[in-house]
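What follows is the residue order along each chain.
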Amino acid sequence: MATQPSDLDGVTEPCSECCGETLHKVRVELRTESSKKENAEFSREPYRVAVCMECGSETIQRMNNA
């Protein structure tokens, strides 16, 4: 996944909906993967979330595939 800094508000990367390079807002989220409350604190994993600034489509990728 190629990213290039374009300005302070996002990165330019491919968008499958727009079929081209567009500006994206990128963030990292911790998401809970377990539905059990007693183990929820141990099942959080980091996810990369990129939102296209042109069409609003969201791409989510799990960062830790252990």
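Enquirer: What is the right way to read the environment of Arg-62 from this model?
Expert: Secondary-structure assignment places Arg-62 in strand S5 (residues 58–62). In this structure Arg-62 comes out as partly exposed when scored by relative accessible area, which is 26%. The spacing of Arg-62 and Glu-29 is 33 residues in sequence and 9.6 Å in space, taken between C-alpha atoms. For Arg-62, the contacting residues outside a window of four places in its chain are Glu-33, Glu-45, Pro-46 and Tyr-47. There is a polar contact of 2.9 Å between the side chain of Arg-62 and the side chain of Glu-33. At a separation of 2.7 Å, a polar atom in the side chain of Arg-62 contacts the main-chain carbonyl oxygen of Asn-64.

Enquirer: Explain unusual backbone geometry to me, please; I cannot follow it from the model alone.
Expert: Most peptide bonds take the trans configuration, and most residues that are not glycine carry a negative phi. Look at Cys-19: it is not a glycine, yet its phi comes out positive at around 60 degrees. Overall, the relative accessible area of 69% leaves Cys-19 in the exposed class.

Enquirer: What's the story with the pattern of salt bridges in this structure? I'm lost.
Expert: When charged atoms on two side chains of opposite charge get close, those side chains can pair. The tally for this structure, following the rule as stated, stands at six salt bridges. Among the ionic pairs, Arg-27 bridges to Glu-29, the shortest N-O distance being 2.8 Å. A relative accessible area of 36% means that Arg-27 is categorised as partly exposed. A salt bridge links Arg-62 to Glu-33, with the shortest nitrogen-to-oxygen separation between them at 2.9 Å. In this pair, Arg-62 is assigned in strand S5 and Glu-33 in the loop between strand S3 (20–32) and strand S4 (44–52), connecting sequence segments 29 residues apart. Here the salt bridges do not stand alone but share partners, grouping Arg-27, Glu-29, Arg-31 and Glu-58 into one network.

Reading the values: the criteria
Residues numbered from 1 in each chain as written. Predicted model: local features only at pLDDT ≥ 70, side-chain atom pairs only at ≥ 80, totals over all residues. Heavy atoms only, no water. Helix = DSSP H or I, 4+ residues; strand = E, 2+ residues; numbered from the N terminus. Buried < 20%, exposed > 50% of the residue type's maximum accessible area, 1.4 Å probe, protein only. Contact = heavy atoms within 4.5 Å. Polar contact = N/O pair within 3.5 Å; in protein donor to acceptor, adjacent residues only side chain to side chain. Salt bridge = Lys/Arg side-chain N within 4 Å of Asp/Glu carboxyl O.

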